[in-house]
Amino acid sequence: MERGFIIDEGYGKRTVPRWVLGEAETSIWTGLKIRGKDKLEVTTYRCRRCGYLESYA
């Protein structure tokens, strides 16, 4: 397993969340430093019976 975090980019628009490799580092200008880091779209599956969610990047 690799450590990372999930981001939701955009202001006033809908986007698919992305998983970013590494530790979350704060930035004064953008909130988080993500330039040059690997980013993968997150896909989530839901069990129709119990509602359990499972996410993959």
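Each residue is numbered by its place in its chain's sequence as written, counting from 1. Whole-chain, interface and lining totals are the exception, using all residues; otherwise, since this is a predicted model, local features are given only for residues with pLDDT of at least 70 and side-chain atom pairs are given and counted only at 80 or more. Each side-chain value is derived from all of the structure's non-hydrogen atoms; neither hydrogens nor water enter the calculation.

Details of the overall build of the protein
Strands are runs of DSSP state E lasting at least two residues, helices are runs of H or I lasting at least four, and both sets are numbered from the N terminus onward. Across its full length, the protein holds zero helices and seven strands. Reported as C-alpha extents along the three principal axes, the dimensions of the protein are approximately 45 × 30 × 15 Å. Scored against the burial criterion, the 57 residues of the protein give a buried share of 12%. For the protein, contacts bridging at least 24 residues in sequence account for 16% of all contacts bridging at least 6. Reported accessibility uses the Shrake-Rupley method at a 1.4 Å probe radius. Residues are deemed covered only where the shown protein chains occlude them. When the accessible surface of the protein is split by element, carbon and sulfur atoms take 51% of a total near 5,500 Å². With a 1.4 Å probe rolled over the protein chains alone, any residue whose accessible area is under 20% of its type maximum counts as buried; one over 50% counts as exposed, and the rest are partly exposed. In this description, contact between two residues means that some pair of their heavy atoms is separated by no more than 4.5 Å.

Points about the layout of surface pockets
One number sums up the size of the largest pocket: a volume of about 180 Å³. Any residue with an atom within 4 Å of a point lines the site, the site being either a cavity, points on a 1 Å grid over the protein atoms alone where a 1.4 Å probe fits but cannot get out, or a pocket, an open set with protein on both sides within 12 Å along at least 5 of 7 lines. In terms of lining, the largest pocket is formed by I7, E9, S27, T30, G31, L32, K33, I34 and R35. Considered class by class, the residues forming the lining of the largest pocket number three nonpolar, three polar and three charged. Grid points are joined across faces, edges and corners, and a volume is the space filled by probe spheres set on the points. We call Asp, Glu, Lys and Arg charged. Ala, Val, Leu, Ile, Met, Phe, Trp, Tyr, Cys and Pro are nonpolar, and the rest, Gly among them, are polar.

Digging into the packing of aromatic side chains
Any two of the Phe, Tyr and Trp rings considered here, Trp counted by its six-membered ring, make a pair once their centres fall within 6.5 Å; the pair's planes then place it as stacked at under 30 degrees, edge-to-face at over 60, or tilted in between. Per the stated rule, a full pass over the model turns up one aromatic pair. Taking the centre distance of 6.2 Å and the plane angle of 65° together, the rings of Y45 and Y56 count as edge-to-face. Taken together, the positions of Y45 in strand β6 (residues 43–46) and Y56 in strand β7 (residues 53–56) put the pair eleven residues apart, joining distant regions of the chain. On the basis of relative accessibility, which here comes to 43%, the residue Y56 falls in the partly exposed class.

Looking at the sheet that holds strand β2 (residues 18–21)
Within a beta sheet, neighbouring strands are joined by backbone hydrogen bonds and run either parallel or antiparallel to one another. In short, DSSP must find at least two bridges between two strands for them to pair. As summarised here, the arrangement of the three strands in space is β1-β2-β5, forming an open sheet in which the pairing is antiparallel. Taken across any chain shown, the strands that pair with only one partner, and hence form the sheet edges, are β1 (4–7) and β5 (39–41). For this sheet, the mean inter-axis angle between neighbouring strands, taken without regard to orientation, is 30°. The pairing of β2 with β5 spans three bridges and is classified as antiparallel. Bridged to R18 within β5 is E41. As a rule, the C-alpha atoms of each element are fitted with a line to give its axis, helices using only the stretch in contact, and angles between N-to-C directions run from 0 to 180 degrees.

Remarks on the environment of S55
Its location among the elements puts S55 in strand β7. Distance from S55 to R14, taken between C-alpha atoms, is 18 Å for residues 41 residues apart in sequence. If near-sequence neighbours (up to four positions away) are discounted, S55 is found in contact with V42, T43 and T44. Here the side chain of S55 touches T44 through a polar contact of 2.9 Å, side chain to side chain. Any N or O atom pair separated by 3.5 Å or less is treated as a polar contact, with the protein-specific requirement of one donor-capable and one acceptor-capable atom, and with residues adjacent in sequence counted only for side-chain atom pairs.

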